Amino acid sequence: MNKNSSPIINLEKITFGYPGGPTVIDKLDMKFYQGDQTGLIAPNGSGKTTLFHIIMGLIKPSDGKMEIFGKPAIKEEEFSNIRGKIGLLFQDADDQLFCPTVLEDVAFGPLNMGKSKEEAIDISRKTLDSLGLAGFEDRITYKLSGGEKRLVSLATLLSMKPEILLLDEPLTGLDTETRLKLIDILPNLDLSYILISHEIDFLTATTKQIYTMKDGKILLDDQSYIHKHEHVHQFGRIPHKHN
Ligand SMILES: Nc1ncnc2c1ncn2[C@@H]1O[C@H](COP(=O)(O)OP(=O)(O)O)[C@@H](O)[C@H]1O
Ligand SMILES: [Mg+2]
């Protein structure tokens, strides 16, 4: 976080409610800086996904000011430029993948950005490789497991070399091994990101500050609270340690 520079996402008093519904985002202020790796944890229905969709221009706030990469973000043409630089991992992987094969899905972004077919394939193979997905090129996307779809979705974003990643509950459907892989990969991507997750251990390992949302606003809760853990497993009566 470099507070001396200007924020790359700057939201001021942003307000939004879905048509006919209550206010979901209420005069929300948020400043996000280059290099920030931020976690967002809040109960279901708090407006986390809505906030991501506002940043991407998929839905429009009814009030407030929004600047992204130092420029006003209001009109559609401003957002089409922004969407090339911010990768949004959707909460549902099926919203992200639409090509028949993995390679086509991962190459779609680079091709769309004007890369040649050879370049796009090269970038896609390297990206898949970096996520441990070498050999997945010709797999049929819709037949992948939930966890594999999540990782391929991440590959479709990384192949576009975004400046910011917005990851909406990336752990959904991932097994323990793949979760550990993400913990390894994310902080080393040299990317700014905001990560929505319900798993505090994951956020602690992958982000530098963790925010929550309440009453349509973003809050920083940086205090530590002593709390009890309860868990069960076999042979629990025998004195033992957990790491
Ligand atoms: N497309 C939609 N139309 C109407 N209401 C919606 C829509 N999407 C979300 N909501 C409502 O907005 C609130 C915030 O939802 P959401 O941003 O998905 O929360 P979160 O991601 O924190 O679980 C919820 O009350 C939800 O029911
Ligand atoms: Mg959500």
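Please refer to the structure placed before this passage.
Residues numbered from 1 in each chain as written. Chains lettered and ligands numbered in written order. Predicted model: local features only at pLDDT ≥ 70, side-chain atom pairs only at ≥ 80, totals over all residues. Heavy atoms only, no water.

## Regarding the packing of aromatic side chains
1) Next: The full count for this structure, using the stated rule, is two aromatic pairs.
2) Next: Over the face of the ring belonging to Phe 136 we find Arg 139, whose NZ or CZ atom lies 4.5 Å from the ring centre. (Phe/Tyr/Trp six-rings, centres within 6.5 Å; stacked < 30°, edge-to-face > 60°. Lys NZ or Arg CZ within 6 Å of the ring centre and 35° of its normal.)

## Quick word on the sheet that holds strand 9 (residues 209-214)
1) Next: Spatially, six strands are ordered 6-7-8-3-9-10 in an open sheet, and the strand pairing comes out mixed. Strand pairing shows two members of the sheet lacking a second neighbour, strand 6 (86-89) and strand 10 (217-220), which therefore form its edges. Sheet twist, expressed as the average angle between the axes of neighbouring strands with direction ignored, equals 20°.
2) Next: Its contacts with the sheet place helix 1 (residues 48-55) against strand 3 (37-40), strand 6, strand 7 (164-168), strand 8 (192-196), strand 9 and strand 10, and it is angled at close to 150° to strand 7.
3) Next: Its contacts with the sheet place helix 5 (residues 146-158) against strand 6 and strand 7, and it is angled at close to 170° to strand 6. (Pairing = 2+ DSSP bridges. Helix = DSSP H or I, 4+ residues; strand = E, 2+ residues; numbered from the N terminus. Axes fitted to C-alpha atoms, helices over the stretch in contact; angles between N-to-C directions. Contact = heavy atoms within 4.5 Å.)

## Let's talk about the pairing of strand 7
1) Next: Where burial is concerned, most of strand 7 is hidden: five out of the five residues are buried.
2) Next: Along strand 7, one buried face is formed by Ile 164, Leu 166 and Asp 168 and the opposite face, lined by Leu 165 and Leu 167, is buried too.
3) Next: In terms of strand pairing, strand 6 meets strand 7 through four bridges, oriented parallel. Along strand 7, the bridge assignment pairs Leu 88 with Leu 166.
4) Next: Note that strand 7 and strand 8 share five bridges and pair parallel. Bridge pairing in strand 8 places Ile 164 opposite Ser 192. (Buried < 20%, exposed > 50% of the residue type's maximum accessible area, 1.4 Å probe, protein only.)

## Description of the side chain of Glu 169
1) Next: Within the secondary structure, Glu 169 sits in the loop between strand 7 and helix 6 (176-185).
2) Next: The buried charged residue Glu 169 lacks any salt bridge partner; its closest oppositely charged side chain belongs to Lys 48, at an N-O distance of 4.6 Å.
3) Next: At 3.3 Å, the side chain of Glu 169 and the side chain of Gln 91 are in polar contact.
4) Next: For Glu 169, the contacting residues outside a window of four places in its chain are Lys 48, Gln 91, Arg 150, Ile 196 and His 198. (Lys, Arg positive; Asp, Glu negative; His and termini not counted. Salt bridge = Lys/Arg side-chain N within 4 Å of Asp/Glu carboxyl O. Polar contact = N/O pair within 3.5 Å; in protein donor to acceptor, adjacent residues only side chain to side chain.)

## A closer look at the site of ligand 1
1) Next: Lining the immediate environment of ligand 1, one finds Tyr 18, Val 24, Pro 43, Asn 44, Gly 45, Ser 46, Gly 47, Lys 48, Thr 49 and Thr 50.
2) Next: Ser 46 places a polar main-chain atom, nitrogen or oxygen, 3.2 Å from an oxygen atom of ligand 1.
3) Next: For ligand 1, an oxygen atom lies 2.7 Å from a polar atom in the side chain of Lys 48.
4) Next: Within the complex, the protein chains bury 55% of what would otherwise be the 570 Å² of accessible surface of ligand 1. (Near = heavy atom within 4 Å. Areas by Shrake-Rupley, 256 points an atom, 1.4 Å probe, with all protein chains shown as cover.)

## A look at the nonpolar core
1) Next: Grouped together as the largest cluster of nonpolar side chains are 32 residues, with contacts concentrated most on Met 30 and Leu 51.
2) Next: Broken down by secondary-structure element, the contributors of at least two residues to this core are strand 1 (9-17), strand 2 (23-32), helix 1, strand 4 (63-68), helix 2 (76-83), strand 6, strand 7 and strand 8.
3) Next: In terms of residues, this core owes the most to one element, strand 2, which gives five residues.
4) Next: Leaving out residues up to four positions away in the same chain, Met 30 has contacts with Ile 9, Asn 10, Leu 11, Leu 51, Ile 55, Ile 194 and Ile 218.
5) Next: Formed by 27 residues, the second largest nonpolar core is a distinct cluster that contains Leu 128, Leu 154, Leu 186 and Phe 202. (Core = buried A, V, L, I, M, F, W, Y, C linked by side-chain atoms within 4.5 Å.)

## Here we look at empty space enclosed by the protein
1) Next: Counting across every chain of the model gives two cavities of 30 Å³ or more.
2) Next: Considering only enclosed or pocket space, the largest cavity measures out at about 40 Å³ in volume.
3) Next: In terms of lining, the largest cavity is formed by Leu 89, Arg 150, Leu 151, Leu 154, Leu 167, Pro 170, Leu 174 and Leu 182.
4) Next: Broken down by element, the lining of the largest cavity gets its largest block of residues, three residues, from helix 5.
5) Next: Residue contributions to the lining of the largest cavity reach at least three from each of two domains, namely domain 1 (1-85 + 165-224) and domain 2 (93-161).
6) Next: If you go around the second largest cavity, the residues you meet are Arg 83, Gly 84, Lys 85, Ile 86, Gly 87, Leu 157, Met 160 and Pro 162.
7) Next: Here the lining of the second largest cavity is built from residues that sort into four nonpolar, two polar and two charged. (1 Å grid on protein atoms, 1.4 Å probe; cavity = no way out; pocket = protein on both sides within 12 Å on 5 of 7 lines; lining within 4 Å. Points joined across faces, edges and corners; volume = space filled by probe spheres on them. Domains from an automatic or database assignment. Nonpolar A, V, L, I, M, F, W, Y, C, P; charged D, E, K, R; others polar.)

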